[in-house]
Each structure stands twice: as structure tokens, then as C-alpha cells.
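Inside the fold
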Protein chains: 2
Amino acid sequence: MREPASEVGRDALTVPMVAQRAGVTPSTVYRRWGDLQELLSDVAVERLRPETAPEDTGDLRADLTTWAEQFLDEMASPSGRAYIRDALLGDPDGGNAGRCSAYAAEQIDVILGRAAARGERTPGTETVVDHVVAPLMYRILFRPDGLDAARARSLVALVLADTE
Amino acid sequence: MREPASEVGRDALTVPMVAQRAGVTPSTVYRRWGDLQELLSDVAVERLRPETAPEDTGDLRADLTTWAEQFLDEMASPSGRAYIRDALLGDPDGGNAGRCSAYAAEQIDVILGRAAARGERTPGTETVVDHVVAPLMYRILFRPDGLDAARARSLVALVLADTE
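Structure report, in brief. This is a predicted model, so every value here is computed, not measured. (Residues numbered from 1 in each chain as written. Chains lettered and ligands numbered in written order. Predicted model: local features only at pLDDT ≥ 70, side-chain atom pairs only at ≥ 80, totals over all residues. Heavy atoms only, no water.)

Before going further, it helps to examine the nonpolar core. Membership of the largest hydrophobic core comes to 80 residues, with the highest contact counts inside it found for Ile84, Leu136 and Phe142 of chain A together with Ile84, Leu136 and Phe142 of chain B. Those residues in contact with Ile84 of chain A, other than ones at most four positions away along the chain, are Leu48, Met75, Met137, Ile140 and Leu141 of chain A together with Phe142 of chain B. (Core = buried A, V, L, I, M, F, W, Y, C linked by side-chain atoms within 4.5 Å. Buried < 20%, exposed > 50% of the residue type's maximum accessible area, 1.4 Å probe, protein only. Contact = heavy atoms within 4.5 Å.)

What follows is the structure in C-alpha cells.
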């Protein structure tokens, strides 16, 4: 499914094209996904799933800063933005958007859990979601001017300020 | 344009339908908007534009809390969510999403400007965007569980904590 989208461009992609490449009939695709947007939404979520655990440097601030910078890099890239939009659509119940958010929360959980195990004080996962993930994602989608790695770092510094 | 969408439902709406209701030919609509998604995106932004200045109670915390609760109410409603999605789409350069964000920032500017004029200490507009608007919008789109007025109030309390 990756190939047809990149070969012909997303706007020209059709279900028959995907079916042909997969060696199935279009009705097989329609039966599973209903329409192209739902299929693209599922593909997008799969592409947004982290493939590795976050880096472990032994320091909460360093780990969370590295993670936030990478998250911004990936999500703000043209393909990241396209995946986010696809994930938000073709999925009226919001399940795919929820999965994207769960991926981020799980990575943060790992980072905070390691820090807590070392005896460091940590904010809660939902606090990091509200004050690091949310500003980054909101700005990617709605307010991209001035969004850069320095902003990601300062959001992390701020959310950790109360714990240090 | 409001009527056809609500009469037939968004998914069944077509450009010829909109053109007929507006008393123009479909080519007039295509010339201005390119496709239905771009038209719906422009309609969505228009519907998301605030119609009045934010309430003025003479107190920063009260004004910002009231504004955040109303913002959440409007954006989290089924029609609000549909408008946000439409505004994000059919607009590859992100201009309509930027307009949505600018509307929120302008309302916050008014509230903070009034407070500053009264001699109150205030956070910056971008700080309120990052720590009140962004968490609300992120959760509406990606993580709606547990999102309620109490969360809006606590986000406002937190962003004002450093200024009080």
C-alpha cells in the first residue's frame, strides 16, 4: 500500500489501484474498509506507530527533550502532517486519532517510569501530554510559525520546572 | 450554504446542489473553490469565527475561565468537531487552520489587554495558547476521555499561577 500512494500521489489513488497491487478484488478492500479514506486512516496510524522505545540516557530531562524533539521532527514533516490528517479523517469515531495519542502517551510513560525507578521526581503523564505534546501538535496543525526544536525544549523545561 | 448541508447531510452534499441553492452554475462554484472540500473548509472557518468580544467581568481569571469553558463547549460539540475537521482539510496550505487559531489568539489578546490595562499581571498570549488552547484542542481531536469544564478551569488556573 505504500507504493501506489507514493507513485501516483495521494489524490489520484483509488481503491481499484490498491486492490490490484495487493492482488485482491476491489470488493475485498471495500468490505474491510468501506472507503479509501478509512483505508488511508488505518495506514496513517500504522505509519505513526513508534518502532522503538524512547532513548534511555539515564536522565529525565535529556530523555524527554530528545523524545519531544523527535516527535516534533516526525509529526511536523510533510509526511507526518499528511498522516495526522489522514488519521483524523476516515474514522468518524475518533479511534485512530486516539491511537496516535496513546502511542505518544505510552512513550512518555516509559520515560517517566524509568525516571521514577531511579528516584527522580516526575510530572504525571497527562501533564506532559497537556503541556508538551498538545502545544506541539496544536502548533503543527494550526499555528506552525516559529515552531522549532527550541520551543520543544522550552516546553519540556517548563513541565519539569515544578519537579526539580 | 448552511441549508443544503443540514438537509441532506454532509456526506451527500454535492457542488451542483450548492450551486442550485445559490442560484449559480456549478462552474461558478468550481472556479472559486476548486472542489467541495475547499468550499466546506471556508464555510467551517466562517462558522468558527467568534461573533462577539469575550465577556468582561473586570477580573482576569474569571474572564479567561469563562472564555475557555465556552471555547471547549463550542469546539467539542459535534458541529464544532466537524467544522474543525473541515477547516483542517480542503486547505493544503493550512491557511484556514491558521485563521481558526488566530481567532482564539485575538480573543485571548482582548482579555489579557483589559487585565493589563487594569494593572493586573498577565501571561503572554502565546503562553495561554500553549497551555490552555492547545491542550483543549488536542484533547478534542485526539484524546477526548475526561475532557470537561473542570479541566478547562484547571488549565486556566495553572497558566495564571505564575502571575498571581
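Don't stop here, the text continues.
Each partner contributes residues to the interface: chain A has 28 residues there, and chain B has 29 residues. Each partner contributes to the roughly 2600 Å² buried at the junction of chain A and chain B, and carbon and sulfur atoms together form 57% of this total. On the surface where chain A and chain B come into contact, there are 15 residue pairs in polar contact (both at pLDDT 80 or more). For the side of chain A that touches chain B, the elements supplying multiple residues, two or more each, are helix H6 (78–88), helix H7 (95–117), helix H8 (125–142) and helix H9 (149–161) of chain A. By residue number, the principal contributor to the side of chain A that touches chain B is H8 of chain A, which donates 12 residues. Looking at the side of chain A that touches chain B residue by residue, the classes come out as 17 nonpolar, 4 polar and 7 charged. (Buried area = accessible area lost by both parts, 1.4 Å probe. Polar contact = N/O pair within 3.5 Å; in protein donor to acceptor, adjacent residues only side chain to side chain. Helix = DSSP H or I, 4+ residues; strand = E, 2+ residues; numbered from the N terminus. Nonpolar A, V, L, I, M, F, W, Y, C, P; charged D, E, K, R; others polar.)

It is worth spelling out the pattern of salt bridges at this point. Under the criterion given, the structure shown has 22 salt bridges over all chains. Among the ionic pairs, Asp56 of chain A bridges to Arg114 of chain A, the shortest N-O distance being 3.7 Å. Linking Asp56 of chain A in the loop between helix H4 (36–48) and helix H5 (60–76) with Arg114 of chain A in helix H7, this pair joins segments that are 58 residues apart in sequence. Residue Arg153 of chain B pairs with Glu69 of chain B through a salt bridge whose shortest N-O separation is 2.8 Å. Residue Arg153 of chain B is found in helix H9 (residues 149–161), and its partner Glu69 of chain B is found in helix H5 (residues 60–76); the two are separated by 84 residues along the sequence. Of the residues examined, Glu69 of chain B reaches a relative accessible area of 24% and is grouped as partly exposed. Salt bridges linked by common partners bring Asp56, Asp63, Arg114, Arg118 and Glu120 of chain A together as one network. (Salt bridge = Lys/Arg side-chain N within 4 Å of Asp/Glu carboxyl O.)

Distances and angles like these do not, on their own, reveal function.
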